[in-house]
Amino acid sequence: MAAFSKVAFIGIGNMGWPMAARLSAAGFEVDVFDVMPGRAAQFAAEIGGRAAASVDAAVSAADAIITILPTSRHVVDVLTPVRAKLAKGALVIDMTSGIPGVTKTLAATLAEDGVQMIDAPVSGGVARAKTGELAIMTGGEPAVVERAMPLLRAMGTTITEVGGIGAGQAMKALNNLVSAGGFLIGVEALLIGKRFGLDAEKMVDVLNASTGMNNSTQKKFKQFVLSRAFNSNFGLDLMAKDLGIALEVAHDGAVSAPFSAMCLELWSAAANSLGKGHDHTELARFSESIAGLSLE
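Residues numbered from 1 in each chain as written. Predicted model: local features only at pLDDT ≥ 70, side-chain atom pairs only at ≥ 80, totals over all residues. Heavy atoms only, no water.

**Focus: the overall build of the chain**
When you go through the chain residue by residue, the secondary structure sums to 14 helices and nine strands. Here the C-alpha radius of gyration of the chain, 20 Å, is about what a compact globule of 296 residues would show, namely 19 Å. Both charge centroids of the chain, one from 24 positive and one from 28 negative side chains, sit 3 Å from each other. (Helix = DSSP H or I, 4+ residues; strand = E, 2+ residues; numbered from the N terminus. Rg over C-alpha atoms; globule rule 2.2 N^0.38 Å. Lys, Arg positive; Asp, Glu negative; His and termini not counted. Charge placed at Lys NZ, Arg CZ, Asp CG, Glu CD.)

Now the structure itself:
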C-alpha cells in the first residue's frame, strides 16, 4: 500500500459506498466526502477511514483522488476549485459514467498542474460493488493505468484497458446502450407473449435457455420486473443519461445509429413520463402503459 498513503474518495452514494468500503478493507487509508450531510461520518463509523468535512480536506496531501459522481459536470465543479490543493504527481481516477470530451479537457487541465488522470467507469451494479467483482474499463496512458491498478483491483475483477483518456467512458456508455436495448426488446417480447396467452415467467425461462438470453432476461426480469420490486439501485434517469452519451459518441464519429437513437428516445420518454427517482427497471411500466396491459 506504500504507493498510496492517502486515498480521497469523493461521492459515496449507492455505488461509491461499497467501492470505498472495498478499498478500506484492502488496507488503504481512505478519506471520504459526500455532499449529503452526515454521509461521510456514517461511513467512517460503520466502515472505517476518515470523514472529510470538505473536498479541500479530502484531497489535501492525497496521492489518489477517486470520483464517482452523477455527471462529468459534477466532477469538473468538484475538482476545479481544489486544483491548487492537489499534490504534484497525484492521480485522479474518475469512475463516473461521464462524457469523454469533458474528461479529456479536464485531464489536460490537470496535467498542467502535474496531476495525472484516468477514467475508469464501472459495470456490475451495487451487488458486485459490494463483493469487489466490478467490471472496470479504463481510459488513459498505459503507465498511468498501471499505476492505478492496486486501487482498481481492490474494486473489480475484470479490468480492461480500452484506449486513451475518455475511452473508458465511451465504452461504458456503449455497454449500457447494448444493455438498454436488450431490456427494452425483452420487455416488449414479454408483453406480446402475455397478450397471446403465454406465461411471462415461463417465457423468461425459455429465453434463458435459448438464443434470446441477455443480461436482462437473466438478472432483471424475474428479479425486478415480474416481482414488481423495481429496486435494482440504478436510476432510470442515469440510464437515459448514459444513452445520451453513447449517441453523442456516435454523432462525434459521424456514425448513423437509427436503432440506438430510437432506444434513447424511448428511454428518455420513460424518464420524462415517470419523473425523477425511479429505478431503470421501471421502464417496464412505461412499456406496459404503451401496450395497454401489465406483466403483473
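Now that the structure has been shown, the text picks up again.
**Some details on unusual backbone geometry**
What is expected of a backbone is that most residues other than glycine have negative phi and most peptide bonds are trans. If you check the backbone angles, A61 has positive phi at about 65° while not being a glycine. What makes A61 exposed here is its relative accessible area of 55%. Look at N233: it is not a glycine, yet its phi comes out positive at around 70°. Within the secondary structure layout, N233 lies in the loop between helix 11 (221-226) and helix 12 (236-252). Residue classification places N233 among the partly exposed residues on the basis of a relative accessible area of 43%. (Buried < 20%, exposed > 50% of the residue type's maximum accessible area, 1.4 Å probe, protein only.)

**Topic: helix 8 (residues 167-196)**
Helix length check: helix 8 (30 residues) gives 44 Å between terminal C-alpha atoms against 44 Å at 1.5 Å per residue, within 8%. Positive backbone phi, at 115°, marks G197, one or two positions downstream of helix 8. (Expected span 1.5 Å × (residues − 1).)

**Remarks on the pairing of strand 1 (residues 7-10)**
Side chains V7 and F9 project from strand 1 onto one buried face, and the interleaved A8 and I10 project onto a second face that is buried too. Pairing of strand 1 with strand 2 (residues 30-33), which is carried by four bridges, proceeds in the parallel orientation. When the sheet's bridge partners are listed, F9 is paired in strand 2 with V32. In terms of handedness, the path from strand 1 via helix 1 (residues 16-25) over to strand 2 forms a crossover that is right-handed. (Pairing = 2+ DSSP bridges. Right-handed = clockwise from strand over helix to strand, strands pointing away.)

**A closer look at the environment of L283**
Within the secondary structure, L283 is located in helix 14 (residues 283-291). Take L283: its relative accessible area is 0%, and that puts it in the buried class. Taking the C-alpha atoms as reference points, L283 and E265, separated by 18 residues in sequence, lie 12 Å from one another.

**Notes on a nonpolar patch on the surface**
The grouping of V162, M171 and L174 at the surface amounts to a nonpolar patch, some 210 Å² of accessible area in total. Tracing the backbone through its elements, the reader meets V162 in strand 9 (residues 156-163). (Patch = residues over 30% accessible without salt bridge, like charges linked within 9 Å, V, L, I, M, F, W, Y side chains within 5 Å. Areas by Shrake-Rupley, 256 points an atom, 1.4 Å probe, with all protein chains shown as cover. Salt bridge = Lys/Arg side-chain N within 4 Å of Asp/Glu carboxyl O.)

**Considering the packing of aromatic side chains**
The full count for this structure, using the stated rule, is three aromatic pairs. Ring geometry for F183 versus W267: centroids 5.8 Å apart, planes at 55°, classification tilted. One end of the pair, F183, is in helix 8; the other, W267, is in helix 13 (residues 258-274), with 84 residues separating them in the sequence. The pair formed by F183 and W267 is uniform in burial state, with each residue classed as buried. (Phe/Tyr/Trp six-rings, centres within 6.5 Å; stacked < 30°, edge-to-face > 60°.)

**What to know about the side chain of S232**
Tracing the backbone through its elements, the reader meets S232 in the loop between helix 11 and helix 12. Here the side chain of S232 touches H280 through a polar contact of 3.1 Å, side chain to side chain. Once residues lying within four places of it in the same chain are set aside, the contact partners of S232 are F224, D279, H280 and T281. (Polar contact = N/O pair within 3.5 Å; in protein donor to acceptor, adjacent residues only side chain to side chain. Contact = heavy atoms within 4.5 Å.)

**Let's talk about helix 14**
Inspection of helix 14 places L283, A284, F286, S287 and E288 among the buried residues, and these make up the whole buried set. Looking at the buried side of helix 14, the elements it contacts are helix 8, helix 11 and helix 13. One or two positions beyond helix 14, positive phi appears at G292, with a value near 80°.

**Some remarks on the pairing of strand 6 (residues 116-119)**
Judged from the four bridges that link them, strand 5 (residues 91-94) and strand 6 form a sheet pairing that is parallel. Each residue of the ladder has a partner; that of V92, found in strand 6, is M117. In terms of handedness, the path from strand 5 via helix 5 (residues 100-111) over to strand 6 forms a crossover that is right-handed.

**Brief notes about the packing of helix 4 (residues 72-79) against helix 5**
Running from N to C, helix 4 and helix 5 cross one another at 15°; their axes reach a closest spacing of 9 Å. Considering their axes alone, helix 4 and helix 5 lie roughly parallel with respect to each other. You can see that helix 4 and helix 5 cross each other, and the crossing is left-handed. Here S72, V75, V76 and L79 of helix 4 come into contact with helix 5, specifically with V102, T103 and L106. Residues belonging to the contact of helix 4 with helix 5 are distributed by class as follows: five nonpolar, two polar and no charged. (Axes fitted to C-alpha atoms, helices over the stretch in contact; angles between N-to-C directions. Parallel < 35°, antiparallel > 145°, perpendicular 65-115°, else oblique. Left-handed = near helix turned anticlockwise from the far one by under 90°. Nonpolar A, V, L, I, M, F, W, Y, C, P; charged D, E, K, R; others polar.)

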